[in-house]
Amino acid sequence: MRWDDLFADLAAQFDAAQVSVSEEEIADMARAEAATTTLADRLRARLGAQVHLRLHGDHSRQGRLVQAHADWFVLASGHRRSLVPATAIALAWPLAGTAPPAAGLSRRLPFGHALRALAAAAPSVLAVSTAGEHHGRIVRVGRDHLDLATPAAVLSIGWTALLTLDSRP
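Remember, predicted model here, so these are calculated numbers, not experimental data. For every chain, the first residue of the written sequence is number 1, and numbering continues from 1 onward in sequence order. Reporting of local features is limited, given that this is a predicted model, to residues whose pLDDT is at least 70; pairs of side-chain atoms are given and counted only at 80 or more, and all residues count toward the totals for whole chains, interfaces and linings. The basis for every side-chain value is the complete set of non-hydrogen atoms in the structure, without hydrogens or water.

1. Considering the sheet that holds strand β10 (residues 162-167)
Working step 1: Judged by pairing direction, the sheet is antiparallel, and its ten strands sit side by side in the order β5-β1-β2-β3-β4-β10-β6-β7-β8-β9 without closing on themselves. With partners counted over all chains shown, the strands left at the sheet margins are β5 (89-93) and β9 (154-158), one partner each. Looking at each pair of strands side by side, their axes are set apart by 40° on average, direction ignored.
Working step 2: DSSP bridges decide pairing: two strands pair if at least two such bridges lie between them. Numbering of helices and strands runs from the N terminus, with a helix taken as a DSSP run of H or I at least four residues long and a strand as a DSSP run of E at least two residues long. Pairing of strand β1 (residues 50-55) with strand β2 (residues 59-68), which is carried by six bridges, proceeds in the antiparallel orientation. Residue pairing in the sheet places Leu-53 in a bridge with Arg-61 of β2.
Working step 3: Any two residues whose heavy atoms approach within 4.5 Å are treated as being in contact. Axes, fitted as lines to C-alpha atoms, cover a helix only where it is in contact. Angles between the N-to-C directions of the axes lie from 0 to 180 degrees. Running at roughly 90° to strand β7 (residues 132-141), helix α4 (residues 111-121) makes contact with β3 (72-77), β4 (80-85), β7, β8 (145-149) and β10 of the sheet.

2. Description of unusual backbone geometry
Working step 1: For the bond from Trp-93 to Pro-94, the omega torsion is -15°, close enough to zero to count as cis.
Working step 2: Within the secondary structure, Pro-94 sits in the loop between β5 and α3 (104-108).
Working step 3: Within the chain, Asp-58 stands out as a residue other than glycine whose phi angle is a positive 65°.
Working step 4: Using a 1.4 Å probe on the protein chains alone, a residue whose accessible area is under 20% of its type maximum counts as buried, one over 50% counts as exposed, and one in between counts as partly exposed. For Asp-58, a relative accessible area of 60% translates into the label exposed.
Working step 5: Its identity is not glycine, yet Ala-122 carries a phi of approximately 60°, on the positive side.
Working step 6: Structurally, Ala-122 is set in the loop between α4 and β6 (124-129).

3. A closer look at the environment of Ala-40
Working step 1: Relative to the elements of secondary structure, Ala-40 occurs in helix α2 (residues 39-44).
Working step 2: Classification of Ala-40 by relative accessible area gives buried; the value is 11%.
Working step 3: Spatially, the C-alpha atom of Ala-40 lies 8.8 Å from that of Thr-98, the residues being 58 residues apart in sequence.
Working step 4: With residues up to four places along the chain from it excluded, the contact list for Ala-40 reads His-69, Ala-70 and Phe-73.

4. What about α4?
Working step 1: Of the residues making up α4, those classed as buried are Phe-111, Gly-112, Ala-114 and Leu-115. Looking straight down α4, one finds its buried side chains confined to an arc of 160°; they lie on one side. When the buried face of α4 is taken as reference, the exposed residues oriented beyond 90 degrees from it are Ala-120 and Ala-121.
Working step 2: Those residues of α4 that are buried lie in contact with β3, β4, β7, β8 and β10.
Working step 3: Count one or two residues on from α4 and you reach Ala-122, which has phi positive near 60°. The reported arc concerns the directions from the helix axis to the C-beta atoms and nothing else.

The structure is reproduced here in structure tokens:
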């Protein structure tokens, strides 16, 4: 075998090995990235699009995703707006890849701030929780609960039980 042929064959083998390693590395990086992806990241990638959410307790909401944060989302369906905590979502579709990392305020705006803004604006809401549905106004927001003034009583609803707050057109 001539040296030129020998080194050409060696270079071809090296190139083939590099391509194989690169494909494996790419697959490993894709798996690693997928492992860090949150449902909120994937929903945020659908901002402005129609999504369907199945909430715990067999409740559903669908609409155009108009706000997407790490802990909460807002869907618009006609005149109705639904504020949905991320913890209430059991299923979501259709989803695609992930959005780029959230920047600035969008990343840091916690669920409690959204609830306090609603309390300050004082709209009438439908609070859907694992304990039922109640109409009223949010009158206080604590660290892990909200107080909803209903015609019958002021109810304290734990955030972990809250499935959605819907506007009343």
